[in-house]
Amino acid sequence: MRTLPVGDRALLVEVASGEEAQALHAELVRRRAEGSLSVREIVPAARTVLLDGLADPARLAAELTASEVPPAPPRAREVIELPVRYDGPDLADVAAHWGVSPEEVARVHAGTEFTVAFCGFAPGFGYLTGLPAPYDDVPRRATPRTAVPAGSVGLAGPYTGVYPRSSPGGWQLIGTTDAVLWDHARVPAALLSPGTRVRFVRST
């Protein structure tokens, strides 16, 4: 575990893997909830956790550096189900990369329980992990699209994601969903947050 100061009131914590980042994020959120950690924002990423609004970043850095990464947190009870039509324009390309049929891509993807590792890129966009080997490494498109429709379900590297709005993107698109990932009138606005369990349910 490595800590890096970010300005006067923030700290970036680097760990060795996405799993460790998820575990550390969950532990820090738990500590904030119980009142033993005063921090304004806790933001996980692929292998880092950013803490912003700390009164004494140096003290927390020393504490974290001297400690071990916490064990994986208990899994959230609730599972969010997202209906999906496996009709994406890159479905055949993903099938060829995996060495299976397009139908098998849909079966594997819909049969996987995902966890939101972190959020970013656009409001409401979650990076979902969970695909088993050898299906957990999908290359991005050689040429990104200038506009990906909202609701597109894509794969890139070890992640699955759903585009919450139309935007450029280079992920391999395997399906579409009508689920609303970001709604500013909803509380919370984001349907997905770090630690959320997600399943994709096939629809027509």
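Anyway, here's the lowdown on the structure attached to this text. Remember, predicted model here, so these are calculated numbers, not experimental data. (Residues numbered from 1 in each chain as written. Predicted model: local features only at pLDDT ≥ 70, side-chain atom pairs only at ≥ 80, totals over all residues. Heavy atoms only, no water.)

A few words now on the overall build of the protein chain. What the protein chain contains, in helices and strands, is 4 helices and 13 strands. Computed over the C-alpha atoms, the radius of gyration of the protein chain is 18 Å, within 12% of the 17 Å expected from 2.2 N^0.38 for a compact globule of 204 residues. In terms of its C-alpha atoms, the protein chain occupies a principal-axis envelope of roughly 55 × 40 × 35 Å. Considering only contacts within the protein chain whose residues lie at least 6 apart along the sequence, 60% involve residues at least 24 apart. On the protein chain, roughly 10,600 Å² of surface is accessible, and the fraction owed to carbon and sulfur atoms is 53%. Charged side chains of the protein chain number 20 positive and 23 negative; the gap between the two group centres comes to 2 Å. (Helix = DSSP H or I, 4+ residues; strand = E, 2+ residues; numbered from the N terminus. Rg over C-alpha atoms; globule rule 2.2 N^0.38 Å. Contact = heavy atoms within 4.5 Å. Areas by Shrake-Rupley, 256 points an atom, 1.4 Å probe, with all protein chains shown as cover. Lys, Arg positive; Asp, Glu negative; His and termini not counted. Charge placed at Lys NZ, Arg CZ, Asp CG, Glu CD.)

Our next topic: helix 3 (residues 91-98). Each full turn of the α-helix corresponds to 3.6 residues, which orients residues three or four apart in the same direction. Looking only at helix 3, the buried set comprises Leu91, Val94, Ala95 and Trp98. Buried residues of helix 3, seen end-on, are gathered within an arc of 100° and therefore sit on one face of the element. Buried-residue contacts for helix 3 involve helix 4 (102-110), strand 9 (152-156) and strand 12 (172-176). One or two positions beyond helix 3, positive phi appears at glycine 99, with a value near 75°. (Buried < 20%, exposed > 50% of the residue type's maximum accessible area, 1.4 Å probe, protein only. Arc of directions from axis to C-beta.)

Positionally, valine 94 belongs in helix 3. When the C-alpha positions of valine 94 and alanine 156 are compared, they lie 10 Å apart, and in sequence the two are 62 residues distant. Those residues in contact with valine 94, other than ones at most four positions away along the chain, are Val105, Val138, Leu155, Gln172 and Ile174.

Here strand 5 (residues 79-84) runs beside strand 13 (residues 197-202); their pairing, made up of 6 bridges, is parallel. Pairing of valine 84 across the sheet is with arginine 202, part of strand 13. Inspection of the sheet shows strand 6 (residues 113-119) paired to strand 13 by 3 bridges, in the antiparallel sense. Across the sheet, threonine 115 pairs through a bridge with arginine 197, a residue of strand 13. (Pairing = 2+ DSSP bridges.)

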